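Residue strings, one per chain:
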Amino acid sequence: QGVIGTESANNLAIVTSNQTRMFVNTSGNVGIGTTNPAFTNGGGLEIENTTATLRLQKTGGHAAELNMGASSFDIRDLSSGNINYYVASTVKWKMNSNGFHSQNSSNGISFYGDSSLNHAIISRNASGTVADDIRINSYGGIYLNLDSNVNNTSGADFAIGRHGGATGSIQD
């Protein structure tokens, strides 16, 4: 069995060009770009740099990055796929180029925006048919239960409709 490390209570430094590049302290915490990996909760891996990036890449292509810049934390899918949030083994939220969706983009609730001043909360039935239940455009217009964004004007409107083209009303 080969061993790289220390057999006593000493830290381990990996050095190139006379600079510590990776550091493992006696607690097992790993630092890349730091000799003092510190954690608020537990321990693990700390990457420190002016732009710290952790890249995960599947052999053959698909990749994602977690990136900490000067003023933002970014999660990047570099493969034009989905970013999924799971509970147990079930996808509960999904983000892709079409927006942010509950469960999946063909059945559930979606939040999206595009360059045509269309910003909406939409629902889809089990067959994937879209119905704009709430649409708010960038001018502040609010549209409820309209089948399309025909009222996307440059003013702040409030419209109620019924799916299928019928006129809606306000009831108490």
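Look up a bit, the structure's there.
The paragraphs below set out a description of the structure included in this document. (Residues numbered from 1 in each chain as written. Predicted model: local features only at pLDDT ≥ 70, side-chain atom pairs only at ≥ 80, totals over all residues. Heavy atoms only, no water.)

### Description of a nonpolar patch on the surface
And then number 1: A cluster of nonpolar side chains, Ile 32, Leu 45, Leu 54, Leu 56, Leu 66, Met 68, Phe 73 and Ile 75, forms an exposed patch at the surface whose accessible area comes to about 710 Å².
And then number 2: Taken together, the elements giving at least two residues each to the nonpolar patch come down to strand S5 (52-57), strand S6 (63-68) and strand S7 (73-77).
And then number 3: Position of Leu 54 relative to the elements: it lies in strand S5. (Patch = residues over 30% accessible without salt bridge, like charges linked within 9 Å, V, L, I, M, F, W, Y side chains within 5 Å. Areas by Shrake-Rupley, 256 points an atom, 1.4 Å probe, with all protein chains shown as cover. Salt bridge = Lys/Arg side-chain N within 4 Å of Asp/Glu carboxyl O. Helix = DSSP H or I, 4+ residues; strand = E, 2+ residues; numbered from the N terminus.)

### Details of the sheet that holds strand S1 (residues 12-16)
And then number 1: Spatially, S1-S2-S3-S4 is the arrangement adopted by the four strands of the open sheet, whose pairing is mixed. Each edge of the open sheet carries a strand with a single partner, namely S1 and strand S4 (45-47). Neighbour-to-neighbour, the strand axes of this sheet turn through a mean angle of 20°, independent of strand direction.
And then number 2: Pairing of S1 with strand S2 (residues 19-24), which is carried by five bridges, proceeds in the antiparallel orientation. Directly across from Thr 16, in S2, lies its bridge partner Gln 19. (Pairing = 2+ DSSP bridges. Axes fitted to C-alpha atoms, helices over the stretch in contact; angles between N-to-C directions.)

### Examining the side chain of Glu 46
And then number 1: In this fold, Glu 46 is placed in strand S4.
And then number 2: The side chain of Glu 46 is buried and forms no salt bridge, while Arg 21, the nearest opposite charge, is found at 15 Å.
And then number 3: Ignoring sequence-local partners within four residues, the contact set of Glu 46 consists of Val 30, Gly 31, Ile 32, Thr 34, Asn 36, Pro 37, Ala 38 and Phe 39. (Buried < 20%, exposed > 50% of the residue type's maximum accessible area, 1.4 Å probe, protein only. Lys, Arg positive; Asp, Glu negative; His and termini not counted. Contact = heavy atoms within 4.5 Å.)

### A closer look at the environment of Asn 11
And then number 1: Within the secondary structure, Asn 11 sits in the segment before S1.
And then number 2: We classify Asn 11 as partly exposed; its relative accessible area is 39%.
And then number 3: Separated by 13 residues in sequence, Asn 11 and Val 24 place their C-alpha atoms 5.8 Å apart.

Without other data, these values stay purely geometric and don't point to any function.
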